[in-house]
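Structural overview
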There are 2 protein chains.
Amino acid sequence: MLENPRLRPPGGTGWLAWLRNYRAAWLSGDVTAGLVVSVMIIPQSMAYAMLAGLPVEIGLYASMLPLVGYALFASSMTLSVGPVAVTGLMTASLIAPLAPAGTELYLQLAIWLALLSGAMLFILGLLRMGFLANFLSHPVISGFLSGAALLIIFSQLPHVFGLAALPHTPAQLADQWRPVNSLVTAMGLISLGWLMYARTRLAGHLVRFGLHVGVARLAARLAPILVVVLGIAATAGFDLAERGVPVVGDLPAGLPSLQWVTPDWSHLRVLLIPAALISLVSFVESVSLAQSLARRKRESIDPDRELLALGAANACAGMSGGFAVCGGLSRSVVNMEAGANTPLASIIAAVIIALIVATLAPLFPHLPLVVLATIILVAVTPLIDLVSLRRAWEYDRAEGLTLLLTALGVLVFGIEGGIILGVCLSIASQLWRGSRPHVAVVGRVPDTQYFRNVNRHLVEIEPHLLAIRIDENIFFANTKAVERALLDAFNDYPDTRHVLLILSAVNHIDSTGLDMLSELTEGFAERGVRLHLAEVKGPLMDQLTETDWISQQVGEVFPSTHIAFNTLANLKSEEPAKTE
Amino acid sequence: MLENPRLRPPGGTGWLAWLRNYRAAWLSGDVTAGLVVSVMIIPQSMAYAMLAGLPVEIGLYASMLPLVGYALFASSMTLSVGPVAVTGLMTASLIAPLAPAGTELYLQLAIWLALLSGAMLFILGLLRMGFLANFLSHPVISGFLSGAALLIIFSQLPHVFGLAALPHTPAQLADQWRPVNSLVTAMGLISLGWLMYARTRLAGHLVRFGLHVGVARLAARLAPILVVVLGIAATAGFDLAERGVPVVGDLPAGLPSLQWVTPDWSHLRVLLIPAALISLVSFVESVSLAQSLARRKRESIDPDRELLALGAANACAGMSGGFAVCGGLSRSVVNMEAGANTPLASIIAAVIIALIVATLAPLFPHLPLVVLATIILVAVTPLIDLVSLRRAWEYDRAEGLTLLLTALGVLVFGIEGGIILGVCLSIASQLWRGSRPHVAVVGRVPDTQYFRNVNRHLVEIEPHLLAIRIDENIFFANTKAVERALLDAFNDYPDTRHVLLILSAVNHIDSTGLDMLSELTEGFAERGVRLHLAEVKGPLMDQLTETDWISQQVGEVFPSTHIAFNTLANLKSEEPAKTE
């Protein structure tokens, strides 16, 4: 099996290595995946365009050229990019303050947002700045996605009931309610029921009917197509649009043309922060998804290459009149399960989508919006991640709180506010943790070379030697706490004549910490107490060597606590204590 | 000597312990210090009020009752509070955007600022929130003070030349220049020359004339009094005010009355951020000063008590019509050198100042502003701290840069902007350092129980065992880097069957790090490689015990690397490698 070329990672590390080394054996998988994915993502793409407040064809435009752009630079063999719920929501909420929905300016801003975000991602890739994404911790990402999912669900509720907007009071609702709203709601409930059944049970039932597991799972993934087809058939057949059921409506005919409207600086400037945010979220989402897919196929990905690929995809989206794209979970999983071996699968999907759009476009205007809304609802509900919340909360209250407050921040302050709040909270909780260092007085475990906390273990100590282990980097946020802990330990052992700081867990000391240590050493010296160090790490010692503290104030620097204990215990017996 | 009660710390820990245990032996020192300090701070207080954009008597008001308020709660026996250059500058720059200088509103806002800051400090003291000051690192404080000193110097230059404002071009200067400006400039240069001579040489020369060192030093500290007296004599004698030399001008007669103007909420709200900033800076400055004084006298201080005392001092300042106060360097040093044993010295100083103000007030209107300006110039120049800049730069480029950019930030964006920039930079550089962890593959130093970096030392390794030490807490900013380092090490040793993570320097793992480790362990397991841990610290183990990672994925957790090495090496020999 291991010799089967289809199981070999086709990627390689060079540019387009998958294409240069392409093997005929990979083709059937790529073609199947391309077909399945294209059918699956057409309804999704239209739905997410609606979510973004854009005409549905914009979602289709964003599902063709961007896939090719991504394939040119991709390091992931299976990630499938395109419009996703989060980029849809972010586009809507970031542009809504700048232009009224439905206007030409709104559409143009969405396109420029994709272009700008593409440029940013590409430049970050060239600069190898993929590490920036590290500043979004998992609780922040999870909280952000949960909050965003709730926002999305809320935004789609009016469509499910066929209303222009959610009424504020039951009286308003009763006032607005027309017979057609009941009809739309019924269509929505049927669609929702089918989609939820398809997501949870359908594959199992198909297997019971004799289908192969993989095929059954793929068929279940394609279930949305059925509601789309039925929705179009019903509205067209019974002329429901005439009776007031909201539908997609007229679309421009055919394929998008490449276009370029030079943005003016004032527009670009207001889009800078939104573009940075959408880039950050797209990158984090895409890369973590690509990594988890690559792990399943025992491949590896290159985050900087992914930045370039996402940049190219978004640039292509902007140039072909689409909106911002990133890697999507469901489409990528379907792509992999359908057998995709290389990004060729995505190129094939793009071609098929173009063919479908060119031929079936006249049918799309009949599609009821309620169908798209239910597709969105079912797609985003799993983003509300209560499992992560419970796990984070159990592991560390501060992280659970960060997750919760990030989600709330997204709901209350919007996407920008929520993300910024989350990042600040995760940095603050990191500082808070660092500001409360664990400092332990240690003694020797009898007859060994090990040293342990005197409060946790039965250990031997030397009467005039105070050995203290500091379990934290010493930096501005904890210098006072470290100083207090050292002075408290010193007061607990008043006979001390040698203080030994064990720095095995100290990887950095900043200048605030160094100043504190220097003043502390001076204070000890005035009391006739000498300060020594043990187990200073190489990189830290390199940095400290040049300082006056080490060269003039510190006694000796011992390679191990064991040697320090022996040496300082002997020192004491040679020159007897002078105190009292 | 040790039995001399004057050398015993009089403080104690209780409230007003110094007063309850007061000894007659301390009185002479306190009286001398009170006398000397009161004479010294009268010109300073007027100068800093001018710097704050306030009538000079406001500085005198802030030099009486606040000293008593501070004494009630003080834990420092020698700190002397009052108007200082930094609170003067901060008052001016924080209130200038809210009201035109010289108006009744400006004065009222300055008073409310002191009250609000006093309330904040007192509440922070009650809540024991002194730790908040830890977030100002030394480079930020030093950079802030340097930037503030430059701002102060720049603000005083017009006074030195007798101009209303500095001209923008030489032509303007020539245009504005009157004979009186030359006169003022001459007075300024004489005053400046005397003050600089007094600061650098006078004490030495006085010693040569036979004075005791301590007395000579105190006399030099009182030098500003001479320029004040001569300045008053000159303007009064030659009627210079009539000829256009700017003078202090009319003062209200006598002592301030206790006053209370209830602030309205709209004013309080705009003052919240300024009050928070001035509180933070006052607290950090006062406490670090109090600590360094206490160390010289082998006493100790309590930061939370200092918060209460500073709160009381500022509340008293506000209630007696003064502006914000904090601990001053030069006045505290003079206080200590003149023999202050307890805060009684400050109370005596306050009483003497009141007497002087009540009797000599009619002379103050003749005081030329140029004299006050030169007193400020000479006082703040030492705050420009190039030594700290050089030291921080040599120790760590990032910290040097933080100091420099904080100073520039104060100059370019003002005090608020500069402090906020500095705090952000010090947090960012801390994260940046944490995001680049040191990860080392280690081996056993032959015939010992020590394990060292294979790249730095000659050590023994086991063929199927990869032992890796991670020298950093694992958290969101470095999970990717740690993962990369572990995978790189794994690729360097392809025969590995057991990976041993040595966590001796890991004090925390956040949930992002835990997720990474869990996925990594899963990836190793798929390759038939087992992950083990060694030297997990107690608090970290307590947190990890509950996780699925430890209970289901990790192999064994060893107390020491030595035991891990022996156990895993034997494991290997019992069950021979299956790879290949």
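Note that the structure is predicted; figures quoted are calculated from it, not measured.

Time to look at the packing of aromatic side chains. Aromatic rings considered in pairs are described by the distance between their centres and by the relative angle of their planes. In this structure the tally under the stated criterion is 12 aromatic pairs over all chains. A ring pair is formed by Phe 451 of chain A and Phe 565 of chain A, whose centres lie 4.7 Å apart and whose planes are at 55°; its orientation type is tilted. One end of the pair, Phe 451 of chain A, is in strand 4 (residues 451-453); the other, Phe 565 of chain A, is in helix 23 (residues 561-574), with 114 residues separating them in the sequence. For Phe 565 of chain A, a relative accessible area of 1% gives the class buried. When the centroid spacing of 5.4 Å and the interplanar angle of 80° are considered together, the rings of Phe 475 of chain B and Phe 476 of chain B count as edge-to-face. Each member of the pair Phe 475 of chain B and Phe 476 of chain B is classed as buried.

Another point: the interface of chain A and chain B. Between chain A and chain B, the contact holds 55 residues from the first and 55 residues from the second. Between chain A and chain B, roughly 5500 Å² of surface is buried when both sides are summed, and carbon and sulfur atoms account for 50% of that area. Broken down residue by residue, the surface that chain A buries against chain B is led by Arg 295, Tyr 395 and Phe 476 of chain A, which jointly contribute 14%. Across the contact surface, chain A and chain B share six salt bridges. Between Arg 456 of chain B and Asp 542 of chain A there is a salt bridge, with its nearest N and O atoms 3.3 Å apart. The interface formed by chain A and chain B includes 26 residue pairs in polar contact (both at pLDDT 80 or more). Of all the secondary structure elements, the ones that give two or more residues to the side of chain A that touches chain B are helix 7 (138-161), helix 12 (265-296), helix 17 (386-395), helix 18 (397-434), helix 19 (479-492), helix 20 (511-526) and helix 21 (538-544) of chain A. The dominant element in the side of chain A that touches chain B, judged by the number of residues it contributes, is helix 18 of chain A, at seven residues. Residue classes in the side of chain A that touches chain B are distributed as 17 nonpolar, 19 polar and 19 charged.

Two copies of a chain can be linked by a rotation about an axis combined with a shift along that same axis. Its rotation angle being 180°, the transformation that places chain A on chain B also includes 0.0 Å of axial translation and leaves an RMSD of 0.1 Å. What the superposition gives is, in effect, a two-fold axis relating one chain to the other. If distances are taken from each C-alpha of chain A to the rotation axis, the shortest is found for Ala 505 of chain A, at 1.9 Å. The residues that chain A uses at the interface reappear at the interface of chain B in 100% of cases, marking a shared surface.

The next subject is the domain arrangement of chain A. In terms of domain boundaries, chain A breaks down into domain 1 (25-133 + 179-382) and domain 2 (439-569). A C-alpha centroid distance of 58 Å is found between domain 1 of chain A and domain 2 of chain A.

For the rest of this paragraph, the subject is the nonpolar core. Met 90 and Phe 144 of chain A together with Met 90 and Phe 144 of chain B are the most contacted members of the largest nonpolar core, which has 269 residues in total. Listed in part, the 30 residues of the second largest apolar core include Ala 489, Ile 509, Leu 533 and Val 536 of chain A.

Right, let's get into the packing of helix 6 (residues 104-126) of chain B against helix 13 (residues 303-319) of chain B. Residues and elements named next belong to chain B. The contact between helix 6 and helix 13 brings their axes to 7 Å, and the two run at 160°. Judged on the interaxial angle alone, helix 13 and helix 6 are roughly antiparallel. Where helix 6 crosses over helix 13, the handedness of that crossing is left-handed. Facing helix 6, whose interface residues are Ile 111, Ala 114, Leu 115, Ser 117, Gly 118, Leu 121, Phe 122, Leu 124, Gly 125 and Leu 126, helix 13 presents Asp 304, Leu 307, Leu 308, Leu 310, Gly 311, Ala 312, Asn 314, Ala 315, Ala 317, Gly 318 and Met 319. Residues of the contact of helix 6 with helix 13, tallied by class, amount to 14 nonpolar, six polar and one charged.

UniProt's feature table lists "domain: STAS" (unreviewed entry) at residues 455-568 of chain A, given in the numbering used throughout. Annotation note: span residues 455-568 of chain A, helix share 45%, strand share 16%, distance between end C-alpha atoms 22 Å.

As a further point, take the packing of helix 9 (residues 179-208) of chain A against helix 11 (residues 223-238) of chain A. Residues and elements named next belong to chain A. Remark: helix 9 packs on helix 11, axes separated minimally by 9 Å, with the N-to-C direction vectors making an angle of 160°. Here helix 9 lies roughly antiparallel to helix 11, going by the angle between them. The two elements helix 9 and helix 11 meet at a crossing, and its hand is right-handed. Note on element contacts: helix 11 touches helix 9 through Ala 223, Pro 224, Leu 226 and Val 227, opposite Ser 191, Trp 194, Leu 195, Ala 198 and Leu 202.

Turning our attention to helix 14 (residues 329-337) of chain B. Working note: α-helix, 3.6 residues per turn, so residues spaced by three or four point in the same direction. Residues and elements named next belong to chain B. Within the sequence span of helix 14, burial applies to Arg 331, Ser 332, Val 333, Val 334, Asn 335 and Met 336. On its buried face, helix 14 sits against helix 2 (27-51), helix 4 (65-73), strand 1 (81-82), helix 10 (213-221), helix 12 (265-296) and helix 15 (344-360). At the C-terminal side of helix 14, Gly 339 shows a positive phi close to 105°.

Scoring rules and cut-offs
Residues numbered from 1 in each chain as written. Chains lettered and ligands numbered in written order. Predicted model: local features only at pLDDT ≥ 70, side-chain atom pairs only at ≥ 80, totals over all residues. Heavy atoms only, no water. Phe/Tyr/Trp six-rings, centres within 6.5 Å; stacked < 30°, edge-to-face > 60°. Helix = DSSP H or I, 4+ residues; strand = E, 2+ residues; numbered from the N terminus. Buried < 20%, exposed > 50% of the residue type's maximum accessible area, 1.4 Å probe, protein only. Contact = heavy atoms within 4.5 Å. Buried area = accessible area lost by both parts, 1.4 Å probe. Salt bridge = Lys/Arg side-chain N within 4 Å of Asp/Glu carboxyl O. Polar contact = N/O pair within 3.5 Å; in protein donor to acceptor, adjacent residues only side chain to side chain. Nonpolar A, V, L, I, M, F, W, Y, C, P; charged D, E, K, R; others polar. Least-squares fit on C-alpha atoms with pLDDT ≥ 70 in both. Domains from an automatic or database assignment. Core = buried A, V, L, I, M, F, W, Y, C linked by side-chain atoms within 4.5 Å. Axes fitted to C-alpha atoms, helices over the stretch in contact; angles between N-to-C directions. Parallel < 35°, antiparallel > 145°, perpendicular 65-115°, else oblique. Left-handed = near helix turned anticlockwise from the far one by under 90°. UniProt positions renumbered as here; feature names shortened; annotations may be inferred.

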